[in-house]
Amino acid sequence: MKNENVIIAGAGPVGMVAALKLAQNGVNVTVLEKGKTFPRDLRASTFHPPTLEMLDELGMTDELIKDGLVAPFWQFRDRTKGPIAVFDLSILSDITPFPFRVQIEQWQLVEKIYAKFTNYSNVNVLFEHQVIGARQDDDIVKVLTWGPEGEKTLEGKFLIASDGADSVIRKSLAIEFEGFTIPEKFWVITTPFHFENHMENLSEINYVSDPSEWLVLLRNKNYWRVLFPMYEDRSDQELMSDIAANTQLQKLLHQDDDYEILHKSIYRVHQRVAARYRHGNIFLAGDAAHINNPLGGMGMNGGIHDAWNLAEKIIISNKTNDTELFDLYERQRKTIAVEYVQKSTERNRKMLMATKASDQVNRNIEWLEIIKNPNKTREYLLESSMFNALKRAREIK
Ligand SMILES: Cc1cc2nc3c(=O)[nH]c(=O)nc-3n(C[C@H](O)[C@H](O)[C@H](O)COP(=O)(O)OP(=O)(O)OC[C@H]3O[C@@H](n4cnc5c(N)ncnc54)[C@H](O)[C@@H]3O)c2cc1C
């Protein structure tokens, strides 16, 4: 019998969205996850409106809204002067039922999708199945895994490599991950402190510019996350101490008491896109295909858009046997990663970190010109919420 199974390597947000969409359309899916459980690390936490539209079709958006924070406003802010441009997503209510961002941890989406799988007998998640290689053999994809039961080979018609930035599958296919690593590390400190009661006119998402130390203040339901760049040569071990985190937050806003620190992370940020997204019936998606800085919240959202695009094509191809569609997947999604996500996120970083007074003035003028002109504001929101990226992808034939 012909094998119609889709194997998905990696149960992150990208793999799990692809799995749910395929399962809902009657496709047999096996998800391979190397962990014993789903990772619960604090990573992406912003869901943009078009992503919420997709997740709504899967029956997930109400659940994210219920447990997350609905954020219609976000802003560009100066560290000393306060808000410069405050954007209100509700002006997009004529084109989307979700004119806001939802702030919630990515692992919550993953676990909520997993709970939905009980409704589908055609999807199976295998934990402790670490993918160690994959190859295309005629019209079958073979995936080699390692785990407590030893080595196994699974076979399927398609393989989605959503195994994250260090993708074993991308490496095993010798696909270049082209781009660069940015010089500064990113340091994220999470605290339940109520910044909104102490800093005037904060939005839920605040990109804060400053010539010596820009930052991002992101609110979730029960805490704030503060992201700082770290240019100094300080060890990760030092930065991961509560003392260093408290000192850093005290510089942002002095308090007599120490800050309660819930979580800290420090990581290197890369801007990279895979040279190819397709190798026969093996496809890269999400961080396995592209990585970028988190300024604008486009990494996970762009990855979910890959999952959506690819799953749609697999569903069509299963009915029509059209495999040309998969070259289109690469053309559409790689173009968006290169032309749109990489450029926007780097631009955001450069704007926030501008050190020259003239660059800061020009940037502030640019933001003010956008916010004072309703047409420009709308266009900017369509761009930053990734509506334009999806429109551009649809135009690529
Ligand atoms: C520290 C950190 C902070 C971040 N913060 C933000 C942020 O604030 N905003 C933002 O937009 N983005 C952020 N990102 C990026 C965002 O988390 C990713 O874009 C998103 O997780 C991509 O989803 P994914 O499913 O492609 O990959 P992942 O979420 O990485 O999921 C990959 C999954 O595959 C599994 N896996 C890996 N290798 C194998 C293997 N060989 N076999 C089987 N399973 C495997 C992993 O255990 C994991 O479950 C951050 C990333 C990091 C590392």
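Preceding this paragraph is the structure being described.
This text gives an overview of the structure that appears in the document. Only a predicted model underlies this, so the values are computations on that prediction, with no experimental measurement involved. (Residues numbered from 1 in each chain as written. Predicted model: local features only at pLDDT ≥ 70, side-chain atom pairs only at ≥ 80, totals over all residues.)

1. Looking at the overall build of the protein chain
Line of reasoning, step 1. Along the backbone of the protein chain there are 12 helices and 20 strands.
Line of reasoning, step 2. Taken against the 2.2 N^0.38 rule, which gives 21 Å for 397 residues, the C-alpha radius of gyration of the protein chain at 21 Å falls within 12% of a compact globule.
Line of reasoning, step 3. Overall, the C-alpha framework of the protein chain stretches about 70 × 45 × 40 Å when taken along its three principal axes.
Line of reasoning, step 4. Out of the 397 residues belonging to the protein chain, those deemed buried represent 41%.
Line of reasoning, step 5. Sequence separation of 24 or more characterises 72% of the internal contacts of the protein chain that already satisfy a separation of 6 or more. (Helix = DSSP H or I, 4+ residues; strand = E, 2+ residues; numbered from the N terminus. Rg over C-alpha atoms; globule rule 2.2 N^0.38 Å. Buried ≥ 20, exposed ≤ 12 C-beta atoms within 10 Å, placed from the backbone. Contact = placed C-beta atoms within 7 Å.)

2. Quick word on the site of the ligand
Line of reasoning, step 1. Around the ligand, the structure places 32 residues, and the nearest of them are Gly10, Gly12, Gly164, Gly286 and Gly299.
Line of reasoning, step 2. Going through the elements one at a time, helix H1 (13–24), strand S9 (130–137), strand S17 (263–274) and helix H8 (299–320) are the ones with two or more residues in the shell around the ligand.
Line of reasoning, step 3. For the shell around the ligand, a count of residues per class yields 12 nonpolar, 15 polar and five charged. (Near = placed C-beta within 6 Å. Nonpolar A, V, L, I, M, F, W, Y, C, P; charged D, E, K, R; others polar.)

3. Description of the pairing of strand S6 (residues 82–88)
Line of reasoning, step 1. Of the pairings in the sheet, the one linking strand S5 (residues 73–78) to S6 comprises six bridges and is antiparallel in character. Bridging from a neighbouring strand, Asp78 pairs with Gly82 of S6.
Line of reasoning, step 2. The antiparallel pairing of S5 with S6 creates a hairpin that spans three residues between the two strands. (Pairing = 2+ DSSP bridges.)

4. As for the environment of Val17
Line of reasoning, step 1. Among the secondary structure elements, Val17 is positioned in helix H1.
Line of reasoning, step 2. When near neighbours in sequence (up to four residues on either side) are disregarded, Val17 contacts Ile113, Ile304, Ala307 and Trp308.

5. Some words on the sheet that holds strand S7 (residues 101–103)
Line of reasoning, step 1. Here three strands make up an open sheet; going across it, the order is S3-S7-S4 and the pairing antiparallel. In the strand order of this sheet, the two ends are held by strand S3 (46–47) and strand S4 (69–71), each with one partner.

6. Some points on helix H2 (residues 49–57)
Line of reasoning, step 1. Burial in H2 covers these residues: Pro49, Pro50, Thr51, Leu52, Met54 and Leu55.
Line of reasoning, step 2. The secondary structure elements touched by the buried residues of H2 are S3, helix H3 (61–67), S7, H8 and helix H12 (387–395).

7. A short note on the sheet that holds strand S11 (residues 150–156)
Line of reasoning, step 1. Taken in spatial order, the three strands make up an open sheet running S9-S10-S11, and their pairing is antiparallel. Each edge of the open sheet is held by one strand with a lone partner, namely S9 and S11. Neighbouring strand axes in the sheet, compared pairwise and without regard to direction, differ in orientation by 20° on average.
Line of reasoning, step 2. Pairing between S9 and strand S10 (residues 140–147): seven bridges, direction antiparallel. Looking at the pairing, Val131 lines up with Thr145 of S10. (Axes fitted to C-alpha atoms, helices over the stretch in contact; angles between N-to-C directions.)

8. Some details on the environment of Leu239
Line of reasoning, step 1. Assignment of secondary structure puts Leu239 in helix H6 (residues 236–239).
Line of reasoning, step 2. C-alpha of Leu239 to C-alpha of Glu184: the two residues are 55 residues apart in sequence and 13 Å apart in space.
Line of reasoning, step 3. Contacts of Leu239, omitting those with residues within four sequence positions, involve Trp187, Met230, Arg234, Ala244 and Ile266.

9. Some remarks on the packing of H8 against helix H9 (residues 325–353)
Line of reasoning, step 1. The interhelical angle for the contact between H8 and H9, taken along N-to-C directions, is 170°, at an axis separation of 10 Å. Classified by the interaxial angle, the pair formed by H8 and H9 is roughly antiparallel. Between H8 and H9 the crossing geometry is right-handed. From H8, Gly302, Asp306, Asn309, Leu310, Lys313, Ile316 and Ser317 reach across to H9, where they touch Leu325, Phe326, Tyr329, Gln332, Arg333, Ile336, Ala337 and Val341.
Line of reasoning, step 2. In the contact of H8 with H9, the residues fall into eight nonpolar, four polar and three charged. (Parallel < 35°, antiparallel > 145°, perpendicular 65-115°, else oblique. Left-handed = near helix turned anticlockwise from the far one by under 90°.)

10. Describing the nonpolar core
Line of reasoning, step 1. Formed by 97 residues in total, the largest nonpolar core has its most connected members in Ala18, Ile160 and Ala285.
Line of reasoning, step 2. Considering each element in turn, this core owes the most residues, eight residues, to H1.
Line of reasoning, step 3. Sequence-distant contacts of Ala285, that is, excluding residues within four places in its chain, are made with Val14, Ala18, Ile160, Ala161, Ser162, Gly303, Asp306, Ala307 and Leu310. (Core = buried A, V, L, I, M, F, W, Y, C linked by C-beta atoms within 7 Å.)

11. Here we look at the pairing of S10
Line of reasoning, step 1. Following S9, the chain reverses through two residues before pairing antiparallel with S10; Asp138 in that reversal takes a positive phi of roughly 50°.
Line of reasoning, step 2. Taking the residues between adjacent antiparallel strands as the criterion, S10 and S11 are bridged by two residues.

Any functional reading would require information beyond the geometric quantities listed.
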